Amino acid sequence: MSNRIPVRNPNELSKMRKAGEVSARILMELATIIKPGITTKDIDNYAAELFAREGCGNAFLGYAGYPGHLCISVNEVVVHGIGGSRVIREGDIVSLDAGAIVDGWYGDNAMTVGVGQVSEEVRRLLAVTEEALFRGIEQAKQGNPLSEVCGAIEDFVKPYGFGIVRDFVGHGVGRHLHEEPQIPNYRPNYPLPRLKRGMVLAIEPMITMGGFRVKVLEDNWTTITADGSWSAHFEHTVAVGSHGGEILTERPRIALPEQLGITL
């Protein structure tokens, strides 16, 4: 498996940083329009404008037939929500997942935004999910087994009693949106390769307020929690480094406990 994981040279990483910067900029701009009363189609339409403004390719539109400019997943939708008639309401949470292609290189990132006043338990879900992502990033260092990235996420989330989605995982990214390796958000019971400097990973915990089971709706994309519980999703594209991961989709954090008025 490790032989199939690309290792990027400095020139390639420089190009991936540009793709990551554009991806993060689009994601942050999209977050600014999330408010009660807009539809998920409104968000998708604005994403189309942003990709055109940036002059970049869209990593998601048309991927395996995917019809949207980004994934917009509200409340119980875990991933792959498609823009449509659903209206965003006060107290909802909206996960945005966007990726740009720049000069043939991919960036991929996601975050979950609270709409107006959200409950304390939902704020805790957001804070735990974002922090779990950064716990995983810390372990994305040369020589570490990939399982340390996975385990760091699981070890942080489990004490809070939240569910860790198992059917969808992180992945490698580079010349393609999905490359080796697959990156579970839990410590698997099978061996994973050791990381090498220059590998690039899309680390993306998907955490629920209930169980880990999910189901895919009739559109063959929209994935919801099986128990209807709400779900959060945070993601960065990360280059493996000597002492930890380098975030290529760098953007401000939005779910620090102090930002949300809670303690963990």
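- Under the annotation held in an unreviewed UniProt entry, the protein chain carries the name Methionine aminopeptidase and is attributed to Candidatus Akkermansia intestinigallinarum.
- Check the Catalytic activity (unreviewed entry) section of the UniProt entry for the protein chain; it says "Release of N-terminal amino acids, preferentially methionine, from peptides and arylamides."

### Section: the UniProt feature "binding site: a divalent metal cation 2" (unreviewed entry) in the protein chain
Okay, so step 1: Feature annotation in UniProt assigns "binding site: a divalent metal cation 2" (unreviewed entry) to the following positions: Asp108, His171, Glu204 and Glu235. A maximum C-alpha distance of 10.6 Å among these annotated residues, which run over 128 residues, shows that they cluster at one spot.
Okay, so step 2: Along the chain, Glu204 falls in the loop between β9 (200–203) and β10 (206–208).
Okay, so step 3: With near-sequence residues (within four places) excluded, Glu204 lies in contact with Asp97, Val169, Gly170, His171, Asn185, His233, Phe234 and Glu235.
Okay, so step 4: At 3.3 Å, the side chain of Glu204 and the side chain of His171 are in polar contact.

### A short note on the side chain of Glu130
Okay, so step 1: Turning to its location among the elements, Glu130 is positioned in helix α3 (residues 120–138).
Okay, so step 2: A distance of 3.2 Å separates polar atoms of two side chains, one belonging to Glu130 and the other to Arg253.
Okay, so step 3: Within the structure, the side chain of Glu130 is placed 3.0 Å from the backbone nitrogen of Ile254, a separation counted as a polar contact.
Okay, so step 4: If near-sequence neighbours (up to four positions away) are discounted, Glu130 is found in contact with Phe234, Arg253, Ile254, Ala255 and Leu256.

### Structural notes on the pairing of strand β8 (residues 179–183)
Within a regular beta strand, the side chains point alternately toward one face of the sheet and then the other, so they alternate between its two faces.
Okay, so step 1: Here strand β7 (residues 170–172) runs beside β8; their pairing, made up of 3 bridges, is antiparallel. Bridging from a neighbouring strand, Gly170 pairs with Ile183 of β8.
Okay, so step 2: Here β7 folds back onto β8 in antiparallel fashion, the turn holding 6 residues.

### With respect to α3
Okay, so step 1: If you check α3, its first and last C-alpha atoms are 27 Å apart, about what 19 residues at 1.5 Å a residue would give, namely 27 Å.
Okay, so step 2: The buried count for α3 comes to 14 of 19 residues, which makes it a mostly enclosed element.

### A closer look at the pairing of β9
Okay, so step 1: In β9, alternate side chains face the same way, and those of Val200 and Ala202 on one face and Leu201 and Ile203 on the other are all buried.
Okay, so step 2: Where β7 lies against β9, 2 bridges are found, and the strand directions are antiparallel. Among the inter-strand pairings, Gly172 is bridged to a residue of β9, identified as Leu201.
Okay, so step 3: Of the strand pairs in this sheet, β9 and strand β14 (residues 236–239) are connected by 4 bridges, and their pairing is antiparallel. Bridge pairing in β14 links Leu201 to Val238.

### Brief notes about the sheet that holds strand β15 (residues 246–247)
Okay, so step 1: If you trace the 5 strands from one edge of the open sheet to the other, you get β8-β7-β9-β14-β15, paired in antiparallel fashion. Lying at the two open borders of the sheet, with one neighbouring strand each, are β8 and β15.
Okay, so step 2: Across the sheet, helix α4 (residues 146–157) lies against β8 and β9, angled at about 40 degrees from β8, the strand it touches most.

### Thoughts on the UniProt feature "domain: Peptidase M24" (unreviewed entry) in the protein chain
Okay, so step 1: In the UniProt entry, the feature "domain: Peptidase M24" (unreviewed entry) is given for residues 15–240.
Okay, so step 2: Taken end to end, residues 15–240 is 28% helix and 26% strand, and its first and last C-alpha atoms sit 15 Å apart.

### Quick notes on the sheet that holds strand β6 (residues 163–164)
Okay, so step 1: Across the sheet, which stays open at both edges, the 3 strands sit in the order β6-β10-β13 with antiparallel pairing between neighbours. Sheet topology places β6 and β13 (231–233) at the edges, where each strand pairs with a single neighbour.
Okay, so step 2: The pairing of β6 with β10 spans 2 bridges and is classified as antiparallel. Paired with Ile164 across the two strands is Ile207, which belongs to β10.
Okay, so step 3: Sitting on the sheet, α3 touches β10 and β13, and the angle it makes with β13 is about 35 degrees.

Each value, and the rule that gives it
- Residues numbered from 1 in each chain as written.
- Predicted model: local features only at pLDDT ≥ 70, side-chain atom pairs only at ≥ 80, totals over all residues.
- Heavy atoms only, no water.
- UniProt positions renumbered as here; feature names shortened; annotations may be inferred.
- Helix = DSSP H or I, 4+ residues; strand = E, 2+ residues; numbered from the N terminus.
- Contact = heavy atoms within 4.5 Å.
- Polar contact = N/O pair within 3.5 Å; in protein donor to acceptor, adjacent residues only side chain to side chain.
- Pairing = 2+ DSSP bridges.
- Expected span 1.5 Å × (residues − 1).
- Buried < 20%, exposed > 50% of the residue type's maximum accessible area, 1.4 Å probe, protein only.
- Axes fitted to C-alpha atoms, helices over the stretch in contact; angles between N-to-C directions.

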